[in-house]
Amino acid sequence: MDFAMTEEQTAIFDMAKAFGDDHIAPHATEWEKQGTIPKDLWPKLAELGFGGLYVSEDSGGAGLSRLDATLVFEALSHACPSVAAFLSIHNMCAKMLDNFGSDDLKARLLPDALTMQTFFSYCLTEPGSGSDAAALKTRADRTNAGYTLNGTKAFISGGGYSDAYIVMARTGDAGPKGISALIVEDGTPGLSFGGLEDKMGWRSQPTRQVQLDDCSVPTENLLGDEGHGFRYAMMGLDGGRLNIAACSLGAAQAALTATLAYMGERQAFGKPIDQFQALQFRLADMEIELQAARTFLRQAAWKLDHGTPDATQFCAMAKKFVTEAGSKVADQCLQLHGGYGYLADYGVEKIVRDLRVHQILEGTNEIMRLIVARQMLAAR
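This one's a predicted model, so the numbers in the text were calculated from it and none came from an experiment. (Residues numbered from 1 in each chain as written. Predicted model: local features only at pLDDT ≥ 70, side-chain atom pairs only at ≥ 80, totals over all residues. Heavy atoms only, no water.)

1. Comments concerning the overall build of the protein
Here's step 1: Each helix and strand in the protein was counted, giving 11 helices and 10 strands.
Here's step 2: For 380 residues, the compact-globule estimate of 2.2 N^0.38 gives 21 Å, and the protein sits close to it at 21 Å.
Here's step 3: Reported as C-alpha extents along the three principal axes, the dimensions of the protein are approximately 80 × 50 × 40 Å.
Here's step 4: Going through the 380 residues of the protein one by one, you find that 53% of them count as buried.
Here's step 5: The contacts in the protein between residues at least 6 apart in sequence include a share of 73% that link residues at least 24 apart.
Here's step 6: With the model as given, the accessible surface of the protein reaches about 16,500 Å², and the carbon-plus-sulfur share is 52%. (Helix = DSSP H or I, 4+ residues; strand = E, 2+ residues; numbered from the N terminus. Rg over C-alpha atoms; globule rule 2.2 N^0.38 Å. Buried < 20%, exposed > 50% of the residue type's maximum accessible area, 1.4 Å probe, protein only. Contact = heavy atoms within 4.5 Å. Areas by Shrake-Rupley, 256 points an atom, 1.4 Å probe, with all protein chains shown as cover.)

Right, here's the structure in full:
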């Protein structure tokens, strides 16, 4: 494994970083106040190939590796982790559509997903099933025309905002083998949404419950094979965990960069505070933590790209380690800003709030530990 980025990977990172600096960072605070992201942002990202980062080139996507994709999310998160994470969700859905959709379904929906004229959301979690996702209750009953869906999905990023939803619903008996994946397009009768959730972070992402009341979906909107939906959903999560870790890494790096600049300007006891050895040690500890996190993340991404037997374990370990390291560094950056760190004007408190949820979603960090422990015991 070569730890040096190629010229192409450096160009990918720089392109994403420049886009974030120009089109996201200047507006991130305002979007957070508004509780939404302008939809005209997405086609601009799609022009760079970011609407289908790891959708195959044969299907019109960018065909990037999962390692390459983490560079995009790390770079964009320098500007705003909330926006970058929202893009990750759409890309996970686009990849599911590419991998498992019928030729007709892909021909109908994938082109607009790649140009991001159609923005996708992912609907797995329910009010009563989070970590135990296979216990979901939403049902999809067969009809002559297709399926009728009934149930509620919770904590859905893009609820009431997105143009289409990949919904995991029960078409069979209890357990993961009774779950299928169906695409519900916006405007479908029976599809409605709860109120806007008032969140600690990720406030620019509109989050609502997605409610399905006798919601009719045609047979052709079944994604892949009936009864395989849970497997499809889980296959997307290894990469999703890498992406969310990359979002933590990029935002924490932005916080550290801002803190370095602040400490060179802030005076105390007659000299800049970056001249105090105790504070220099804290800067060094944060740099070491982020470099270790970056190496671990890229190793896990490399394993996923190469299909190694321990790829899932490493994705879980990287997700746990990197998201906790990112939150720890962001919190320390706030502390080093003193009282100013607590003010919205300096941007650090937003990063602290945005990163906290990364330890919960894409599988909680407790579930990451469970995955790792089970792999260790199985290999014993």
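2. Comments concerning the environment of Asp98
Here's step 1: In this structure, Asp98 sits in helix H5 (residues 81-100).
Here's step 2: On the basis of relative accessible area, Asp98 is assigned to the buried category, the value being 7%.
Here's step 3: Taking the C-alpha atoms as reference points, Asp98 and Met263, 165 residues apart in sequence, are found 47 Å from one another.
Here's step 4: Among residues more than four places away in sequence, those in contact with Asp98 are Val55, Ser56, Ser59, Lys106 and Leu110.

3. A short note on the packing of aromatic side chains
Here's step 1: A full pass over the atoms with the stated rule returns 13 aromatic pairs.
Here's step 2: Both rings, one in Tyr340 and one in Tyr346, keep their centres 5.3 Å apart while their planes meet at 45 degrees; by these two values the pair is tilted.
Here's step 3: Every member of this aromatic cluster is reached through a ring pair, and the members are Trp42, Phe86, Phe119 and Tyr161.
Here's step 4: Sitting over the ring of Tyr161, Lys39 keeps its end group 4.9 Å from the ring centre. (Phe/Tyr/Trp six-rings, centres within 6.5 Å; stacked < 30°, edge-to-face > 60°. Lys NZ or Arg CZ within 6 Å of the ring centre and 35° of its normal.)

4. Side note on the environment of Ala251
Here's step 1: Structurally, Ala251 can be placed in helix H7 (residues 229-265).
Here's step 2: Overall, the relative accessible area of 0% leaves Ala251 in the buried class.
Here's step 3: Measuring from C-alpha to C-alpha, the distance between Ala251 and Asn144 comes to 49 Å, with 107 residues separating the pair along the chain.
Here's step 4: The contact partners of Ala251, leaving out residues within four places of it in the chain, are Ser77, His78, Pro81, Ile351 and Leu355.

5. Remarks on the packing of helix H1 (residues 7-24) against helix H4 (residues 66-77)
Here's step 1: Between H1 and H4, the least distance of the axes is 8 Å, while the angle of their chain directions is 25 degrees. The angle between H1 and H4 places the two elements in the roughly parallel class. Taken as a pair, H1 and H4 cross one another with a handedness that is right-handed. Packed against H1, whose contacting residues are Gln9, Ile12, Phe13, Ala16, Lys17, Phe19, Gly20 and Ile24, the element H4 presents Leu67, Asp68, Leu71, Val72, Glu74, Ala75 and Leu76 at the interface. (Axes fitted to C-alpha atoms, helices over the stretch in contact; angles between N-to-C directions. Parallel < 35°, antiparallel > 145°, perpendicular 65-115°, else oblique. Left-handed = near helix turned anticlockwise from the far one by under 90°.)

6. A few points about the environment of Ile288
Here's step 1: On the secondary structure map, Ile288 appears in helix H8 (residues 277-306).
Here's step 2: Distance in space between the C-alpha atoms of Ile288 and Met235 is 32 Å, their sequence separation being 53 residues.

7. What to know about the pattern of salt bridges
Here's step 1: By the definition in use, this model includes 17 salt bridges.
Here's step 2: The closest approach of N and O atoms between Arg139 and Asp141, which form a salt bridge, is 3.1 Å.
Here's step 3: Given the relative accessible area of 30%, Arg139 is considered partly exposed.
Here's step 4: Glu226 is paired through a salt bridge with Arg142; the nearest N and O atoms lie 3.5 Å apart. Of this pair, Glu226 sits in the loop between strand S8 (222-223) and H7 while Arg142 sits in strand S2 (residues 139-142); the two residues are 84 residues apart in sequence, bridging distant segments of the chain.
Here's step 5: For Glu226, a relative accessible area of 36% gives the class partly exposed. (Salt bridge = Lys/Arg side-chain N within 4 Å of Asp/Glu carboxyl O.)

8. Points about unusual backbone geometry
Here's step 1: Notably, Phe155 is not glycine yet its phi reads approximately 60 degrees, a positive angle.
Here's step 2: Tracing the chain through its elements places Phe155 in strand S3 (residues 146-157).
Here's step 3: Here Trp202, not a glycine, exhibits a phi torsion of approximately 50 degrees, which is positive.
Here's step 4: Secondary-structure assignment places Trp202 in the loop between strand S6 (191-193) and strand S7 (207-218).

9. Overview of the pairing of strand S1 (residues 120-123)
Here's step 1: Burial along S1 is two-sided: Phe120 and Tyr122 facing one way and Ser121 and Cys123 facing the other are all buried.
Here's step 2: Here S1 pairs with strand S4 (residues 164-170) via 4 bridges, running parallel. Across the sheet, Phe120 pairs through a bridge with Ala164, a residue of S4. (Pairing = 2+ DSSP bridges.)

10. Some thoughts on the side chain of Gln313
Here's step 1: As for its position among the elements, Gln313 is in helix H9 (residues 311-336).
Here's step 2: The exposure class of Gln313 is buried, given its relative accessible area of 16%.
Here's step 3: Leave out the neighbours within four places in its chain, and Gln313 touches Val372, Gln375 and Met376.

11. Re a nonpolar patch on the surface
Here's step 1: Together, Tyr340, Leu343 and Tyr346 make up an exposed nonpolar region whose accessible area comes to about 280 Å².
Here's step 2: Mapped onto the secondary structure, Tyr340 falls in the loop between H9 and helix H10 (348-356). (Patch = residues over 30% accessible without salt bridge, like charges linked within 9 Å, V, L, I, M, F, W, Y side chains within 5 Å.)

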